[in-house]
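Here is what each chain is made of, one letter per residue.
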Amino acid sequence: MRAVLLVVHPARPDIRHLARDVIGRLNTAGFQVRINTAEAAQLAADFDGGLGDVTIIDGPEGAKDAEVALVLGGDGTFLRAAEDARLTEIPLLGVNLGHVGFLAETEVDALEATVAAIVDCRYEVEQRLTLQITATVGETVVAEDWALNEAAVEKSTREKMIEVSVAVDDRPLLRFGCDGVICATPTGSTAYAFSVGGPIVWPNVEAMLVVPNAAHALFQRPLVVAPSSHIDVDLLGAEHTGVLSCDGRRSHDLPTGAQVRIERSDRPILVARPHPTPFGERLVAKFQLPVRSFRDGGPTTL
């Protein structure tokens, strides 16, 4: 039987009703719909007749052998779904029900067409670069993680900055006091990295970004480095501790003297695209960018 993993943001009533509709459509098409225990309980509370034909499976097992993971929610829900989908190498298909929603590939007004595309296998699958992060103190590994959007080395207390050095391919480049250093993927360039002055990078570009956050330095420009490179961020000074944050979802305490290495992971995230839209067009829509000058006398956005 064909299967879809459904991942939703169940706190919102509108999303719960959309999820029930999606389950019915997929059941009619002969799909097994998988959902985790907590989400199923929240969805079922709204419907006396139950959810339909769903299978309750928690953790990565829910993604195993599924065709896609269909995500109803914002970027946070997408990142949560990525944690399980990445381990089983199934593509994620996001329907934006959040605010900006750069990770989603389709909008709610195209939900019916999106479900039809899943049923008919009418979608492209893209690979998205992810990061592998290892934090060490001397020879001891103190944290290991991964990220789809970004890994951030940040100060652990509001009162004090951290002092860091940044090296690329073992070549020291920068040293400064700062609130943090963000290492991002092209997929994550429109998220945290963008908010602190990083560049927007098309998601099909293979690269890694280094973006200082509130650095006390004359040179604090973002860097774009090769995907084959490795980036080291060292915590300097005996009094400086920090926090490693991965996609804003998982955090690890960093003791003094920690070195964080960020490099390309050998396990990408797969993204399903049922309605391919040029990335530039999405930028214009999401950020309401002016594509015409006021001199033209017409509207400035598409």
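Reading the values: rules and limits
- Residues numbered from 1 in each chain as written.
- Predicted model: local features only at pLDDT ≥ 70, side-chain atom pairs only at ≥ 80, totals over all residues.
- Heavy atoms only, no water.
- Buried < 20%, exposed > 50% of the residue type's maximum accessible area, 1.4 Å probe, protein only.
- Helix = DSSP H or I, 4+ residues; strand = E, 2+ residues; numbered from the N terminus.
- Pairing = 2+ DSSP bridges.
- Core = buried A, V, L, I, M, F, W, Y, C linked by side-chain atoms within 4.5 Å.
- Contact = heavy atoms within 4.5 Å.
- Axes fitted to C-alpha atoms, helices over the stretch in contact; angles between N-to-C directions.
- Left-handed = near helix turned anticlockwise from the far one by under 90°.
- Nonpolar A, V, L, I, M, F, W, Y, C, P; charged D, E, K, R; others polar.

Q: What's the story with the pairing of strand E17 (residues 242-246) in this structure? I'm lost.
A: Looking along a regular strand, one sees side chains alternate from face to face of the sheet. The element E17 is extensively covered by neighbouring structure, given that 5 of its 5 residues are classed as buried. Of the two faces of E17, the one carrying Gly-242, Leu-244 and Cys-246 and the one carrying Val-243 and Ser-245 are both buried. One ladder, built from 5 bridges, connects strand E10 (residues 150-155) with E17; its direction is antiparallel. By the bridge assignment for E17, Val-153 is matched with Leu-244. Across 5 bridges, the pairing between E17 and strand E18 (residues 250-254) is antiparallel.

Q: I would appreciate a short explanation of the nonpolar core in the present structure.
A: Judged by nonpolar contacts, the single largest core of 31 residues is most densely connected at Ile-133, Val-164, Val-181, Ile-231, Leu-244 and Ile-262. Element by element, the count of residues in this core is highest for strand E11 (residues 162-168), at 4 residues. In contact with Ile-133, other than residues within four places in its own chain, are Ala-143, Glu-144, Asp-145, Trp-146, Ala-147, Ala-151, Leu-244, Cys-246, Val-260, Arg-261 and Ile-262. Membership of the second largest hydrophobic core comes to 24 residues, among which are Val-22, Val-68, Leu-70 and Val-115.

Q: What exactly am I supposed to notice about the packing of helix H1 (residues 13-28) against helix H4 (residues 111-120) here?
A: The relative placement of two packed helices comes down to the angle between their axes together with the axis-to-axis distance. The geometry of H1 relative to H4 is characterised by a closest axis approach of 11 Å and an angle of 35 degrees between their N-to-C directions. In the crossing of H1 with H4, the sense of the turn from one axis to the other is right-handed. Contacts from Leu-18, Val-22, Arg-25 and Leu-26 of H1 reach H4 at Leu-111, Glu-112, Val-115 and Val-119. Of the residues belonging to the contact of H1 with H4, the class tally is 6 nonpolar, no polar and 2 charged.

Q: When you look at the sheet that holds strand E12 (residues 171-178) in this model, what are you seeing that I'm missing?
A: Sheet strands pair by backbone hydrogen bonding; their relative direction is either parallel or antiparallel. Across the sheet, which stays open at both edges, the 6 strands sit in the order E9-E8-E19-E16-E11-E12 with antiparallel pairing between neighbours. Sheet topology places strand E9 (140-147) and E12 at the edges, where each strand pairs with a single neighbour. Neighbour-to-neighbour, the strand axes of this sheet turn through a mean angle of 20 degrees, independent of strand direction.

Q: Would you mind going over unusual backbone geometry with me for this structure?
A: Both trends apply: most residues other than glycine have a negative phi, and most peptide bonds are in trans. A positive phi angle is found at Asp-65, which is not glycine, with a value near 65 degrees. Locating Asp-65 in the fold gives a position in the loop between strand E3 (54-56) and strand E4 (68-73). The phi dihedral of Gln-288 is positive, around 50 degrees, even though this residue is not glycine. By the secondary structure assignment, Gln-288 is in the segment after helix H6 (279-287). Gln-288 sits in the exposed class, given a relative accessible area of 62%.

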